[in-house]
Every structure is written in C-alpha cells, then in structure tokens.
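# Commentary on secondary and tertiary structure
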Amino acid sequence: MKIVLATEYFYPISKGGTEMYVYQLAKELINNGHDCVVISLSNEFKEDIYEGIQIFYIPFINGDHLESEVPENLHALISVLDKINPQIVHLHSLSPSLGVNHLVHLHLIGYITFFTAHLPSFTCARGDLLYNGKEICDGEIIYDRCMNCILNSKGKKNKLSNSLITLASKNKYIQNLFPTLAIIQNKINSVELVKKYIDEIIVVSGWQNEVLLLNKFNSSNLAVCRQAIDKDIILYEKKNPIRAKLKIGYIGRIVPEKGIDVLLDCLKEVDNDIFELYVAAIKTENHLNYYHANKKLALNLNSVWKENLNSADVLNFIDEIDLLVVPSVWLETGPYVIYEALARKVPVLAFKKGGSVELIKNGVDSILVESVQDFKIQLIELIKNSNKVLELSTNINMQRTTQMLYNEMETLYLKHAH
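Anyway, here's the lowdown on the structure attached to this text. Keep in mind it's a predicted model, so treat the numbers as computed, not measured. (Residues numbered from 1 in each chain as written. Predicted model: local features only at pLDDT ≥ 70, side-chain atom pairs only at ≥ 80, totals over all residues. Heavy atoms only, no water.)

Bringing helix α3 (residues 100-108) into the picture now. The complete set of buried residues in α3 reads V100, N101, H102, L103, V104 and L106. On the buried face of α3, the contacting elements are α2 (74-84), β5 (88-91), β6 (112-117) and α7 (183-197). Positioned one or two residues after α3, G110 has a phi angle of 110 degrees, which is positive. (Buried < 20%, exposed > 50% of the residue type's maximum accessible area, 1.4 Å probe, protein only. Helix = DSSP H or I, 4+ residues; strand = E, 2+ residues; numbered from the N terminus. Contact = heavy atoms within 4.5 Å.)

The side chains of a regular strand alternate, first on one face of the sheet and then on the other. For strand β2 (residues 35-42), a buried count of seven out of eight residues is recorded, marking the element as mostly surrounded by other parts of the structure. When β2 meets strand β4 (residues 53-59), the two strands line up parallel, connected through five bridges. Within β4, the residue paired with L41 across the bridge is I58. (Pairing = 2+ DSSP bridges.)

Moving on, we get to helix α1 (residues 17-31). Note on helix geometry: an α-helix contains 3.6 residues per turn, so any two residues three or four positions apart are oriented the same way. The first and last C-alpha atoms of α1 sit 21 Å apart over 15 residues, in line with the 21 Å expected at 1.5 Å per residue. Counted residue by residue, α1 has 11 buried out of 15 residues, so it is predominantly covered. Buried within α1 we find T18, E19, M20, Y21, V22, Y23, Q24, L25, A26, E28 and L29. At the exit of α1 stands G33, carrying a positive phi of roughly 95 degrees. (Expected span 1.5 Å × (residues − 1).)

A separate point is the sheet that holds strand β15 (residues 348-351). Across the sheet, six strands lie side by side as β13-β12-β11-β14-β15-β16; this open sheet has parallel pairing. Every other strand in the sheet has two partners, leaving β13 (304-307) and β16 (367-369) as the edge strands with one partner each. The mean angle between the axes of side-by-side strands here comes to 20 degrees, regardless of whether they run parallel or antiparallel. Sheet analysis places strand β11 (residues 246-253) next to strand β12 (residues 275-282), joined by eight bridges and oriented parallel. Bridge pairing links K247 to E276 in β12. Packing against the sheet, helix α10 (residues 288-300) makes contact with β12 and β13, and its axis sits at approximately 145 degrees to β13. (Axes fitted to C-alpha atoms, helices over the stretch in contact; angles between N-to-C directions.)

Looking now at the environment of L359. If you trace the backbone, L359 turns up in helix α13 (residues 356-359). L359 sits in the buried class, given a relative accessible area of 18%. For the pair formed by L359 and Y339, sequence separation is 20 residues and the distance between their alpha carbons is 7.8 Å. Excluding anything up to four places from it in sequence, L359 contacts G334, P335, I338, Y339 and L342.

Note that every value here comes from positions in space, so none of it alone points to a role or purpose.
Take a look at the structure:
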C-alpha cells in the first residue's frame, strides 16, 4: 500500500510523543514493504529525508486563523498528494494549517482518510479535559457546560454574566461578530465532520475511546492503537544499579499541565543530601516565565538541568536515573516517556489519571497516586527506601513493541483499502 502520514510537526524540526508515534509507524510500514511518506508543515514548499523517511513540506497558513472550510493551503496539499498518489491519507494533528477540513476535502475527492487523536483537544475546547481547570471532565460535549468552562478559564466567574454570554454565543450573528464566542460551536462542527467524513478514527488510549463513545462516535470505525517501543531498546535488566541516594528524573515540556512545579514543591521540603534530581527539559516559547521560575527552583535543589535532548540522549538520561516522576495534572494520552522508562526498567511515580493508569501496574512495577499530598508521601517514601524502587524495577515487563503497532494499523488500513 501507499500511505501518507500527515502531521503538523515532525523530526528533525520538532520532537514529542506524536512525532515519535508517526516516526515509528512510518519506519515499520517501510520496513514491512509499504510505500510510506510524511507530509508536514514549513514556511515553504520543500522536500527532505529523515532516517530513510521522505518528507514533503507544505506551507503553514500565516496569521492567527480559525480553521477555514476551504483552507488556504489545501491546493498545496492536493498538489503534493497528486504527485504521491496514495491510497490512504492518515492525519495525526489538528490545526488550521492541517486539520479536519483538509481531510474532508480529501475524502470527497476519493482518498481514504484516517485520523489519530493524540491529545484531549480533539473534543475539548479547553484542551485538557479539566472542568474549570480543576476536576476531570467526563468529556461529553455539552454546550452550556463547555462554554462556562471556557469562560472560567478566561477569568470570568460571575454565573449570571456567564449564562448571558453563553446564551448570546449560540446566535450565529453574534458568532460572526465575535468569533471567539464561536469556540464551542466550532468544536461541535469539527467533531461532526470527523464523524461524517473520516473513514477510521484512532485513539491512543482507552479513556479517549470512552470519551468518543460518549459523544456518539460509531464504534465500527473507532479503534485504539497505543504508542509503542522499538523492541531493540527494551532491557531485561536495568543498566545501572539502583542507588541508595536515589536519582529522580523528570522528562518533558516545562509547562503548567506537566506539573514540574508539583514535583519541586514536594522536593523542597526534603533534605537534598538524600536524593539527586535530574531534569531533561523541553523549552517552549509560550510559557517562558513558568520555565524560568521552575528552572531556578530546580537549580536551588542542586539539580542537573539538561535541555532539548535527542532520542538517544533521552534513553541515556533514563538509564542514569532510578525513578521517573510524571506529575502531569491533566489527562495524558500516554505519555510516551512512561513507555520509555518502563522499557529501560525504570519505575514511575505518576497521578492516577489518564493514560498512566493503563500503562502502570500500580504497586507492582510503579506507583500511582490520587492527590498531591499522596504524591509527596510516596515520593519521600521511595527516596528513603531504595529497596522498594529496586523491587518495582525488577517487576517491570514492557511488551508493547512497534511491531504490534504496525500489525494493528496494517489491519485497519487493509479494512478500507480497495
């Protein structure tokens, strides 16, 4: 089969969980005899090759645009597809420059269309499935509730004024006059387009599947295909022994939803003579104040702070730590770093929510906690009891490989291929 994987960002320009997923799937498809290329976004038309994967770049849509029914770069996308002539176009991100309306047009001109939702923002206008930023939402799109949540996120707390704004926002004239008030209706429209025009919808965690079923997606074209690990990086014995002075690691973006502040707040009350903190940070431009504040806190704890590591360096980083902490306060669809840690026999401490629950055997190979207070208690306990960390490490048995991801995806592709 000839397959296009399309994603807003890709290696070597950007790295993250979605990029890794697309990379692994592309490599497995190519290695198993399929013709697979990647389409991504850049400031200009260009072509590149990354580790044997051909990449075609089409232009971003300039400016701060809402997704258009006829995207400005649609012709550019179609011109590239005409050159490739694939059977299947599989989208892995949603943005005005590469989103649902692109797929709808491709479906209407005869392409088989797939979409994988990697983030909660597919159905959640707020983007994190935390109602009012505090409690986990069930994910059902209910107009008034969703609009109230958005207004709260903008600092509007008055119930009466929020009710009036919500009522007004349902008027199409008001939506046209004030486009920001159309955010919930736009989300509903986008979800309905996916239901109607996309041939197969894929999620990477079980909880996402439940959210889509709650929003009346058809189970016959809905599938779970989780992230995976290359079998060659799975260890059956940890590279470095667990140390009495525990090495604690954090890997990820330095943004509020990833919760490094939660970790640092817990550690500042612990004598740093009994632990070492290692941070592999990914710096993002839209949270620079948060980034610098937490970097300063971490360095005050005599931590080792590294930035923007490549994939090989991340594995080396994981091999050097004894415990990975994942203090995310939102619903993760993975995260991929848990797969990596378990593959290297490094146990994880995380909150009992989202994808973490589906990956971790609580109390057997890692620890899940319900609250920040429990997080602090368990972290201190593990710092003081390296034998418990060793026991958890010994029990890890990572089996989810990229070959499994390929087998699942090929089955879905063949279901729709003519």
